[in-house]
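# Breakdown of the fold
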Amino acid sequence: MATMSGHWRPAVLSLGTALIVLAGAGACAKSEDSDTPAAGGAASAGAQVAQSAAPGVPTCTLEQFGGTKVDLKTAKIGFSQSEKEANPFRIAETKSIKDEAAKLGIPAGNLRTTNANSQFNKQISDVEQMIDSGVQLLIIAPLNSDGWDSVFAKAAAKKVPIITIDRKINATPCKDYLTFIGSDFAEQGKRAADKLAAALGNKGSVAILLGAPGNNVTTLRTKGFKDQIAKVAPDIKITFEQTGQFSREEGQKVTEQLLQSNSDINGIYAENDEMGLGAEVALQGAGKKAGDVKIVSIDGTKGAVKGIADGWFSAVIESNPRFGPLAFETATKFFSGEPIPADIIISDREYDESNAKTDLPSAY
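Residues numbered from 1 in each chain as written. Predicted model: local features only at pLDDT ≥ 70, side-chain atom pairs only at ≥ 80, totals over all residues. Heavy atoms only, no water.

Formally, a disulfide is one covalent bond, and it connects the sulfur atom of one cysteine to the sulfur atom of another. Under the defined criterion, the tally for this structure stands at one disulfide. There is a disulfide in this structure between C60 and C174, and the S-S distance comes to 2.0 Å. Handedness of the C60-C174 disulfide follows from its S-S torsion of about 65 degrees: it is right-handed. Taken together, the positions of C60 in strand β4 (residues 59-60) and C174 in the loop between β8 (162-165) and β9 (179-182) put the pair 114 residues apart, joining distant regions of the chain. (Disulfide = S-S within 2.5 Å. Helix = DSSP H or I, 4+ residues; strand = E, 2+ residues; numbered from the N terminus.)

Here the focus is the sheet that holds strand β17 (residues 350-352). Two modes of strand pairing occur in sheets, parallel and antiparallel, and in both the strands are linked by backbone hydrogen bonds. In spatial order, the strands read β11-β10-β12-β13-β14-β17; together these six strands make up an open sheet with mixed pairing. At either end of the open sheet lies a strand with only one pairing partner, and these are β11 (236-243) and β17. Across this sheet, the average inter-strand angle for adjacent strands is 15 degrees, counted without regard to direction. One ladder, built from four bridges, connects strand β10 (residues 204-210) with strand β12 (residues 267-270); its direction is parallel. The residue bridging L209 from the neighbouring strand is A270, located in β12. The strands touched by helix α9 (residues 302-309) within the sheet are β13 (294-299), β14 (313-318) and β17, with β14 carrying the most contacts at an inclination of about 145 degrees. (Pairing = 2+ DSSP bridges. Axes fitted to C-alpha atoms, helices over the stretch in contact; angles between N-to-C directions. Contact = heavy atoms within 4.5 Å.)

Turning our eyes to something else, we now look at the packing of aromatic side chains. Scanning the entire structure with this criterion turns up six aromatic pairs. Ring geometry for F89 and Y364: centres 6.2 Å apart, planes at 70 degrees, overall edge-to-face. A residue pair is termed long-range when its members are at least 10 positions apart, and F89 in helix α2 (residues 88-103) and Y364 in the segment after β17 qualify at 275 residues. By the burial criterion, F89 is buried, and Y364 matches it. One aromatic cluster is present, built from ring pairs that chain together F65, F334 and F335. (Phe/Tyr/Trp six-rings, centres within 6.5 Å; stacked < 30°, edge-to-face > 60°. Buried < 20%, exposed > 50% of the residue type's maximum accessible area, 1.4 Å probe, protein only.)

Using the criterion set out here, one finds 20 salt bridges in the structure. A salt bridge links D132 to K154, with the nearest nitrogen and oxygen atoms 2.9 Å apart. Here D132, found in helix α3 (residues 120-132), pairs with K154, found in helix α4 (residues 149-158); they are 22 residues apart in sequence, far enough to count as distant. The partly exposed category is assigned to D132, whose relative accessible area is 46%. In this structure, a network of salt bridges that share partners links the residues E83, R90, E93, D166 and R167. (Salt bridge = Lys/Arg side-chain N within 4 Å of Asp/Glu carboxyl O.)

Don't take any of this as a statement about function, it's just geometry.
What follows is the structure, encoded as structure tokens:
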């Protein structure tokens, strides 16, 4: 994927014969709220856009799935959030779902939302209860990638389509679930590796603050980063890896432990911004100055992008959480009989010193 002006990636998705470019909702500035693409075909700031579906990619139709046509404006819809809304990503994600539902005229009482607060058993129970209550569409931000068999059994019995967002479930599309909408996580890791290698001059020692175990985001962001570092900067050595659970507090604790055992670390790859921001606090506490240890992270929150402007972060790879428009557009097309790709991969921008100050309003 070639980088475009403003650090955007390609911005269209093929759903059957239709092309869609969708502007995201969520925690963005007023200039970002328009659904109209900016001049030149690039999406407006804050938009969530999707790449073209690859030729021959598996698709699913309502007829193949075996469900019945549903009018979203009168349907009962369930949204399951995986983690507490203290993380800016989760705040923006939930807000985007609610905002788009309101925009489409879906009554507030028809959209049921739950939050598992990082407890997987609770998320399974939440979703099963929503199915039992008669929801006709499920949008799930899964905590873990495995362990969903009981949900699939219940959903299949009632022919309830499931759209998964931001993390992928290890299951069969068009059978267990309809489609996955999210980022290319391995590509995010590769892009982070490129940015950190450049910041370090292709040499030095690097620590990885791993995301939470048990989901494909952590696995792929780690693999993408390691593979790319080995390819482009073999003189960079990864000398420390530990999970920070995608948490700012844990990111700080792990970095404090790191600095006690390896005070000469040159770079930190944080698999989300919250851990990167925790690492920044730990570095400050250890008497480090901005830039002494290069930080590259993934998400695109305002705090991390501001960290670039302040000199603590070298780059941030976006993972856009504004799923509402794309999720509901996908559901609308599915219920109208159009084919839906098994994977809908969004394009993510990136921030560095060249655009962090000017593009800060695009962060969430």
